[in-house]
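Commentary on secondary and tertiary structure
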Amino acid sequence: MGVGRFIVNTGSKVADYCAFGLQNRHYWHLFNRDLGNFEGANDQLSEKYKKEIDDLWKRRYNLKVDKRWFAHYKHCYGEESPYYIPDNVFHSLIEPYFNRDEYFKCMVNKNYFEKWLPNIKHVVTLIRNINDVWYDQGFNVLTPNKVVEKLSAYSEFVAKPCIDSAGGAGVRFIAGKLNLKKLDELRNSFNNDFIIQEVFKQHECLNKIYPYSVNTIRTITFNWSGEVHVLSSVLRMGVNGSRVDNMVSGGVNCAIHSDGTLSNKLYNARGSLFEGHPNSGNMDDKKIENFDAVVKTACESHKQLPYMGIISWDFALNEKAEPVLIEFNVKPQGIDLHQRENGPLFGDMTVKVLDEVFAKRIK
């Protein structure tokens, strides 16, 4: 029994080591291949700054990092710091260390958000499709005829994949009269389970900035040893008539200050700078109403999901300025929008966080 257990444990460790190597190469290729096209990524760094980066990453953690990330973030945020986290390092090392892989796909399934977090407000769900079976909001089985009957009461609704919808992929706005044929076409357009929700009506403070998309507050929280820290908050906005706010769909982002006021520096997916929103202009006089409630809701919600150390929350404000959860992300979750707008992700905690992650890796 002892020998068998040793063999199994050794095999597991070897598999984990090989999996890390493959994952690291995957994320290096995925995030670094286009890095040269990011604003400022090819800027020359001072010898002093390059030494600071090497002292932390190469000498302390024996890790070679692509310094173009540091050039890019310095260009956007405006400060030199070795504490910026390269995106590929975050996704290959830090994110999987703090977020338990075996739980994440189930937890980020939009069909179950109300189950995981019943004490906060959610977008109203009309219909669920799970394993090709139709359900209502309360998980009661429906016939296709009943689905058509229920959805016919709405002039428009939104259909979304339940998982793997990063960047707004697969989100569809459906308008017009529905029948069984169109319902079947809708079902066939999704490769996996999906959810149908009401079209969300956001607060006027967000409509003033951009009225065509649901503009979401992306807050990233960090549950470390039982204490939840707010790492960064940004506002994500659509542009030019787009109905989604994601960067990969052309959206822009800006920093949200602690009092809910907004930065007038906006960035797109490549880190290109916009002074003000491309359509509505200056942001200096704009403010997120009830922002404290959004941050409080994110922190309290994170305590209910202890297997996930780092969570990126997308909240909107309803017409009463109440926080409503759109979704939360645990893998993969973008950090570039946070570090462009608000600087190094972990701030003064960076060395302690990295020491823990790399000590575990070495072990």
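Look above for the structure.
Since this is a predicted model, take the numbers as computed values, not measurements.

All right, on to the sheet that holds strand β2 (residues 125-130) then. Spatial strand order, β4-β3-β2-β7-β5-β6: six strands in an open sheet with antiparallel pairing. Unpaired on one side and paired on the other, β4 (141-142) and β6 (172-175) mark the two borders of the sheet. In this structure, β2 lies alongside strand β7 (residues 194-198), joined through four bridges in antiparallel fashion. Looking across to β7, one finds that Ile127 is bridged to Ile196. Of the strands in this sheet, β2, β3 (133-136), β4, β5 (156-161) and β7 touch helix α7 (residues 144-151), which is tilted by about 155° from β2.

Counted under the stated rule, the structure contains 21 salt bridges. For the salt bridge of Glu102 with Arg100, the shortest nitrogen-to-oxygen distance reads 2.8 Å. Residue Glu102 is classed as exposed on the basis of its relative accessible area of 53%. Judged by its relative accessible area of 37%, Arg100 falls in the partly exposed class. Lys146 serves as the salt-bridge partner of Glu149, at 3.8 Å between the closest nitrogen and oxygen. Taken as a pair, Glu149 and Lys146 lie in helix α7 at a separation of three residues, close to a single helical turn. For Glu149, a relative accessible area of 52% corresponds to the exposed category.

With respect to topology, eight strands assemble into an open sheet ordered β1-β14-β13-β8-β9-β10-β11-β12, the strand pairing being mixed. Looking along the sheet, the strands with just one partner apiece sit at the ends: β1 (121-122) and β12 (273-275). Looking at chain direction, strand β9 (residues 227-237) and strand β10 (residues 252-256) are connected through four bridges and run antiparallel. Paired with Arg236 across the bridge in β10 is Asn253.

In this model, Lys331 is joined to Pro332 through a cis peptide bond whose omega is -10°. Structurally, the position occupied by Pro332 is in the loop between β14 (323-329) and α11 (336-342). Backbone geometry at Ala321 places phi at a positive 65°, although glycine is not the residue there. Structurally, Ala321 is set in the loop between β13 (310-317) and β14. Judged by its relative accessible area of 10%, Ala321 is buried.

Rules used throughout
- The residue count restarts for each chain, going from 1 along the sequence in the order it is written.
- Note on the predicted model: pLDDT of at least 70 is required for a residue's local features to be given, and 80 or more for side-chain atom pairs to be given and counted; whole-chain, interface and lining totals, by contrast, use all residues.
- Only hydrogens and water are removed before side-chain values are computed, so all heavy atoms of the structure are retained for them.
- Two strands form a pair only when DSSP identifies at least two bridges running between them.
- Segments assigned H or I by DSSP are reported as helices when at least four residues long, segments assigned E as strands when at least two residues long, and all are numbered from the N terminus.
- The criterion used for residue contact is that any of the two residues' heavy atoms lie within 4.5 Å.
- Each axis is a line fitted through C-alpha atoms, taken for helices only over the stretch in contact, and angles between the N-to-C directions span 0 to 180 degrees.
- Whenever a carboxyl oxygen of Asp or Glu lies within 4 Å of a side-chain nitrogen of Lys or Arg, that contact is scored as a salt bridge.
- Here's how the labels work: a residue is buried when its accessible area is under 20% of the maximum for its type, exposed when over 50%, partly exposed in between, all with a 1.4 Å probe on protein chains only.

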